[in-house]
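# Structural features, examined
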Amino acid sequence: MLPPIARRFVAGETPATALEHARECNSRNVKVILNLLGEHYDDPVEADDDARAYAALLADLADAGVDACISIKPTQIGLGVSEARFRDNLRGIVDVADEHDRFVWLDMEDHTTTDATLDAFEEFVEARGGGMGVCLQANLKRTRDDVERFADVPGKIRLVKGAYDEPPAIAHKGRERVNELYEEYLEYMFEAYDGGIAVGSHDPVMIDRARELHDTHGTPFEIQMLMGVREDAQTDLAREYEVWQYAPYGGKWLSYFYRRLMERKENAGFALRAVLGR
Ligand code: FAD
């Protein structure tokens, strides 16, 4: 069972708790991106099961009338088995998303998956004429080319700093350099894109920069943050901008919860206070 301290970052273990969470966010004008926790499957049965779970979730979201979409990890639906399995499962999910007019995001995992993820995104989003998005990571040295590659492609791009510890040959390692590049890519996107820009960051500096760029160029954008992180800012920003909260759910919550605790000492402190009942 999900312990109370994990509920800050995880929207329960079932589709029903995820929907309940989405309703609560929607009541604050915050839209929701649901992610069923799971990744790195090399067993096709697990990959197919999660693909079916996403298809069922899309129907549930439509039935419930909540303002929510999904975000999938490619290795969760078969990329660790084969590229063909990943694409077959993605096709099944996208067909159901079409039926219910729902948006589908692809998360970006480590660099070994980047090409397969971007190629699938491009093919599917072109065929669908939009309705899909993919994440690009500012820390990867290839990303300038990728940001340019998608300027005239339909759909959305979520720009993040990058969560994976990648080798220095292919990734910028310094925090300052990654921040500089994040800003540079934002500037390019606001100038060259017609819209479809998702600022996937909790960083007030990057969010302020995006607001300035929006004021200058008029390009539409949205802000995306994780469940449990700067929730007050999410509510405040949603009064003026489109804000989406990325909310994971499902039985495989433990490693995700651990990552959230470890990335910031404030979060670890919060967990400790919860355990001590203070
Ligand atoms: P950081 O550089 O970590 O911090 C900058 C500033 O932001 C801090 O100084 C502080 O002011 C504020 N801040 C950051 N975290 C907190 C906090 N917990 N509490 C309070 N203030 C805080 N990465 C991937 O590699 N692939 C993905 O598909 C992916 N998807 C993502 C989707 C969303 C919606 C988000 C928000 C992130 C995603 N990430 C993904 C993670 C991303 O790459 C970063 O690792 C993560 O967001 C941390 O970077 P940051 O820009 O938020 O801020």
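Figured I'd write up the structure that's included with this text. The structure presented is a predicted model; accordingly, all values stated were derived computationally and were not measured.

## Regarding the nonpolar core
Ranked by size, the top nonpolar core spans 74 residues in total, and within it Ile 70, Ile 72, Leu 90, Ile 93, Phe 121 and Tyr 193 carry the most contacts. The element best represented in this core is helix α6 (residues 175-192), accounting for 8 residues. Counting residues in each nonpolar core, the second largest holds 18 residues, with Phe 9, Ile 33, Trp 105 and Val 229 among its members.

## Describing the site of the ligand
With respect to spatial proximity, 24 residues lie near the ligand, and among them Met 108, Lys 161, Gly 162, Ser 201 and Arg 264 are the closest. Contact distances for the ligand include 2.9 Å between an oxygen atom and a side-chain N or O atom of Gln 137. The contact in question runs from an oxygen atom of the ligand to an N or O atom on the backbone of Ala 163, over 3.0 Å. Within the complex, the protein chains bury 80% of what would otherwise be the 950 Å² of accessible surface of the ligand. Considering every element that reaches the shell around the ligand, the biggest residue donor is strand β7 (residues 221-226), with 3 residues. Taken together, the residues of the shell around the ligand sort by class into 10 nonpolar, 7 polar and 7 charged.

## Looking at the packing of helix α2 (residues 44-64) against helix α3 (residues 83-100)
α3 packs onto α2 with a crossing angle of 10° between their chain directions and a minimal axis gap of 9 Å. One way to sum up the angle between α2 and α3 is to call them roughly parallel. Residue-level inspection shows Pro 44, Ala 47, Asp 48, Ala 51, Tyr 54, Ala 55, Leu 58, Ala 59 and Ala 62 of α2 in contact with α3, the latter providing Arg 85, Asn 89, Ile 93, Val 96, Ala 97 and His 100. Along the lines of polarity and charge, the residues of the contact of α2 with α3 split into 11 nonpolar, 2 polar and 2 charged.

## Remarks on the environment of Leu 118
Here Leu 118 lies in helix α4 (residues 114-128). What makes Leu 118 buried here is its relative accessible area of 0%.

## Section: the sheet that holds strand β2 (residues 68-72)
One closed barrel holds the 8 strands; their spatial order is β1-β2-β3-β4-β5-β6-β7-β8, and the pairing between them is parallel. The mean angle between the axes of side-by-side strands here comes to 25°, regardless of whether they run parallel or antiparallel. For strand β5 (residues 156-160) and strand β6 (residues 197-200), the ladder comprises 3 bridges, and the chain directions are parallel. Looking at the pairing, Leu 159 lines up with Val 199 of β6. Each of β5, β6 and β7 touches α6; the most contacted strand, β5, lies at about 160° to it. Sitting on the sheet, helix α7 (residues 204-217) touches β6 and β7, and the angle it makes with β7 is about 170°.

## What to know about the pairing of strand β8 (residues 242-249)
For a regular strand, the rule is simple: side chains alternate between the two faces of the sheet. Across the 8 residues that make up β8, a large majority, 7, are buried. Pairing geometry for strand β1 (residues 31-36) and β8, over 6 bridges, is parallel. Each residue of the ladder has a partner; that of Leu 34, found in β8, is Ala 247. Inspection of the sheet shows β7 paired to β8 by 5 bridges, in the parallel sense. For Ile 223, the partnering residue across the bridge sits in β8 and is Val 243. The handedness of the β7 to β8 crossover, carried by helix α8 (residues 231-237), is right-handed.

## Focus: the pattern of salt bridges
Per the stated rule, a full pass over the model turns up 28 salt bridges. Close ionic contact of Asp 49 with Arg 52 constitutes a salt bridge, the shortest N to O distance being 2.7 Å. Linking Asp 49 with Arg 52, this pair stays in helix α2, spanning 3 residues, or about one helical turn. One salt bridge in this structure joins Glu 184 and Arg 144, with 3.5 Å as the shortest N-O distance. Of the two residues, Glu 184 sits in helix α6 while Arg 144 sits in helix α5 (residues 143-149), which places them 40 residues apart along the sequence. The exposure class assigned to Glu 184 is partly exposed, which follows from its relative accessible area of 33%. Assessed through its relative accessible area of 28%, Arg 144 is described here as partly exposed. In the salt-bridge network here, residues are joined through shared partners; they are Glu 183, Glu 187, Arg 209 and Glu 212.

What counts, and where the lines are drawn
Residues numbered from 1 in each chain as written. Predicted model: local features only at pLDDT ≥ 70, side-chain atom pairs only at ≥ 80, totals over all residues. Heavy atoms only, no water. Core = buried A, V, L, I, M, F, W, Y, C linked by side-chain atoms within 4.5 Å. Buried < 20%, exposed > 50% of the residue type's maximum accessible area, 1.4 Å probe, protein only. Helix = DSSP H or I, 4+ residues; strand = E, 2+ residues; numbered from the N terminus. Near = heavy atom within 4 Å. Polar contact = N/O pair within 3.5 Å; in protein donor to acceptor, adjacent residues only side chain to side chain. Areas by Shrake-Rupley, 256 points an atom, 1.4 Å probe, with all protein chains shown as cover. Nonpolar A, V, L, I, M, F, W, Y, C, P; charged D, E, K, R; others polar. Axes fitted to C-alpha atoms, helices over the stretch in contact; angles between N-to-C directions. Parallel < 35°, antiparallel > 145°, perpendicular 65-115°, else oblique. Contact = heavy atoms within 4.5 Å. Pairing = 2+ DSSP bridges. Right-handed = clockwise from strand over helix to strand, strands pointing away. Salt bridge = Lys/Arg side-chain N within 4 Å of Asp/Glu carboxyl O.

Fair warning: the whole summary comes from geometry, so function is off the table for now.
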